[in-house]
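In case you want the letters, here they are:
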Amino acid sequence: MKGIGALIAIVVITLLLRSTALTALASRGVILDILAFATVMWALRHRESWGSTFGFALGLAADLDAAHWMGRHALALSLLGYAVGRLSHTLVRDSVRTQLALLFGATLIHQSWVAAFEFGSVSAWPYLLQRVLLAAVATAPIGTLLVALLRRLSGQPLFGHAAIEPDATS
Amino acid sequence: MGGFLPPAERRSSALLGLYAALSILLLLAGDRLPTASLRGLGAIVFTPLDRLVLSVDRMAGAWRENQRLHQRLAELEVENVRLKLSGLENQQLRQQIGLPAWHGVDLKPVEIVALSGEPIPVAATLSAGHQQGVEVGDAVMAQDGLLGRVSEVYPSLARAVLLTDPNSAIACEVESTGVLGILHSMTAPRPRLVLTGVPLSDTVRIGQQIVTSGFSSRYPRGIRVGTVMRVGRETSGLTQDIEVAPSARLGRLRYGFVVMRPGPGEGPR
């Protein structure tokens, strides 16, 4: 029950930030992909089941808000949540490099998928490519910095190290 | 991923399959679902929170804006006197040639509670709804220019489709010359507003103002829409490709106005 409450709270906060503080940046062409960021962070902390559930819930809410192409965010984010959750078993989750790479990759995939729906003609691809790359380049370092800041404020690792699987040592 | 990862749990794989199937189903049939009521519920839940988040940003901006508005008010007072005289003259001239008199527009101030869409907002949640007299189809504008029209109305909130929505079409004219066209939002090769349907024989220049023409029943005539940024030739070679920069600053919307419809017997605007 506590987990569901936290999931709803994070989904609400993410959507709030997306529709208020981040719109001014987005209209200037800099998209901070907070949907991908929140999904990656949640999946790193709670593994694949919760990762995909979070991604789906967040994506569905974003789809409803957008009014067009229902299911596009939900599909991409649930797959991303699952993939990051699975990877979190073997990765050092508190490593800055891991977070940077995961955020970069997740943003790149999510934004590419979203951009594919706006791909009206071949002439659009340079703009969309630039938008996708800019989003990934902006989201990954800012997201990593934010996590580092949260870690410093909390005084303890946010994720802990990868679990040592019993089968791996046998 | 199986090589260096532990085996996947059956539960998580089943969940992923369920979510993926649901998402694909929504992609295929989602547009046919009645989602307006869900969005209305979302707007009601999110509005107080949106206001809370925005209040911090708006308080800081209000101080700077107040100073600027004082100056603007003084300028407008002077201009208002001049326009009143011109209006009077216009009314007399219209009367002389037998044209019906112009009516002003009735504006209802609203707060822009939230914006949707990336990179450019395509929809906005407004702080007034059915109870305040807002109706589907009402035009929405900001102090700088046209924003769009009301698409969904809830009891005390409304959702507006902005002129950047790919499905919007607005009948416009070039202010100084009266050249007519339809304003569309295009996503390729990049998001932009384009005035379409303007023949090559009509002269349109960069910097000219675009206003609503009044030929659409949704938008009253004379609302500022944007400025001509680029003039080219459309791919078919038959009409012009006129790029328009919106007058309203869509990324920084705080307040707007719903253009209320005239009551019965008030006649056209």
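Below is a summary of the structure that appears in this document. Treat the numbers as computed from the prediction; the structure is a model and nothing was measured.

1. Considerations on the overall build of chain B
- Helix and strand counts for chain B come out as two helices and twelve strands.
- When the helices and strands of chain B are read in sequence order from the N terminus, they spell out α-α-β-β-β-β-β-β-β-β-β-β-β-β.
- Classification of the 269 residues of chain B by burial places 39% in the buried group.
- Of the contacts made within chain B by residues no fewer than 6 positions apart, 57% connect residues no fewer than 24 positions apart.
- About 15200 Å² of surface is accessible on chain B, with carbon and sulfur atoms providing 59% of the total.

2. Brief notes about the interface of chain A and chain B
- Between chain A and chain B, the residue contacts involve 47 residues of the former and 46 residues of the latter.
- When chain A packs against chain B, the two sides together hide about 4100 Å² of surface, and 65% of this comes from carbon and sulfur.
- Across the contact surface, chain A and chain B share one salt bridge.
- Linking Asp65 of chain A and Arg159 of chain B is a salt bridge whose minimum nitrogen-to-oxygen distance equals 3.7 Å.
- Summed over the shared surface of chain A and chain B, the number is six residue pairs in polar contact (both at pLDDT 80 or more).

3. Section: the packing of helix α4 (residues 72-87) of chain A against helix α5 (residues 96-116) of chain A
Residues and elements named next belong to chain A.
- Here α4 crosses α5 at 160°, and the two axes come no closer than 10 Å. In this view, α4 runs roughly antiparallel relative to α5, as classed from their interaxial angle. The two elements α4 and α5 meet at a crossing, and its hand is right-handed. Residue-level contacts link Arg72, His73, Leu75, Ala76, Leu77, Leu80, Val84 and Leu87 of α4 to Leu102, Ala106, Ile109, His110, Trp113 and Val114 of α5.
- Taken together, the residues of the contact of α4 with α5 break down into eleven nonpolar, two polar and one charged.

4. Observations concerning the sheet that holds strand β8 (residues 192-196) of chain B
Residues and elements named next belong to chain B.
- In spatial order, the strands read β6-β7-β8-β11-β10-β9; together these six strands close into a barrel with antiparallel pairing. The mean inter-strand angle of the sheet, taken between neighbouring strand axes irrespective of direction, is 45°.
- As defined by bridge partners, strand β7 (residues 180-186) adjoins β8 across five bridges and the pair is classed as antiparallel. The partner of His184 across the bridge, within β8, is Val194.

5. Some words on the nonpolar core
- Counting residues in each nonpolar core, the largest one holds 40 residues, and the members touching the most others are Leu126, Leu146, Leu147, Leu183, Leu195 and Ile210 of chain B.
- Contacts of Leu126 of chain B, omitting those with residues within four sequence positions, involve Val110, Glu111, Ile112, Val113, Val140, Val150, Leu157, Ala158, Ala160 and Val258 of chain B.
- Within the second largest apolar cluster, 27 residues are counted, among which are Leu16, Phe37, Leu102 and Leu103 of chain A.

Calculation criteria
- Every chain is numbered independently, its residues counted from 1 as its sequence is written.
- Each chain is given a letter, starting from A, and each ligand a number, starting from 1, according to the order in which they appear as written.
- The model is predicted, so local features are restricted to residues of pLDDT at least 70 and side-chain atom pairs to those at 80 or more, both for listing and for counting; the totals for chains, interfaces and linings are taken over all residues.
- The basis for every side-chain value is the complete set of heavy atoms in the structure, and neither hydrogens nor water enter the calculation.
- In this description a helix means any DSSP run of H or I spanning at least four residues, a strand means any run of E spanning at least two, and both kinds are numbered starting from the N terminus.
- Only protein chains enter the accessibility calculation, which uses a 1.4 Å probe; a residue is then buried when its area is under 20% of its type maximum, exposed when over 50%, and partly exposed in between.
- The contact criterion used is simple: two residues touch if any of their non-hydrogen atoms lie within 4.5 Å.
- Per-residue and other accessible areas were derived by the Shrake-Rupley procedure at a 1.4 Å probe size, with only the shown protein chains allowed to occlude residues.
- Buried area is calculated as the accessible area (1.4 Å probe) missing from two parts once they are joined, with the contributions of both summed.
- The salt bridge definition used is simple: a Lys or Arg side-chain nitrogen within 4 Å of an Asp or Glu carboxyl oxygen.
- Contacts described as polar in this section are N or O atom pairs within 3.5 Å, which, within protein, must combine one atom able to donate a hydrogen with one able to accept it, while residues neighboring in sequence count only if both atoms come from side chains.
- Convention adopted: a line fitted to C-alpha atoms gives each axis, helices being fitted over their contacting stretch, and angles between N-to-C directions are expressed from 0 to 180 degrees.
- Our angle categories are set so that under 35 degrees counts as roughly parallel, over 145 as roughly antiparallel, 65 to 115 as roughly perpendicular, and the remainder as oblique.
- For any pair of crossing helices, the crossing counts as left-handed if the nearer helix is rotated counterclockwise from the farther one by less than a right angle, and right-handed if it is rotated clockwise.
- Under this grouping Gly is polar, as are all residues other than the nonpolar Ala, Val, Leu, Ile, Met, Phe, Trp, Tyr, Cys and Pro and the charged Asp, Glu, Lys and Arg.
- Should DSSP find at least two bridges between two strands, the strands are regarded as paired.
- As used in this record, nonpolar core signifies buried Ala, Val, Leu, Ile, Met, Phe, Trp, Tyr and Cys residues forming a set joined through side-chain atoms within 4.5 Å.

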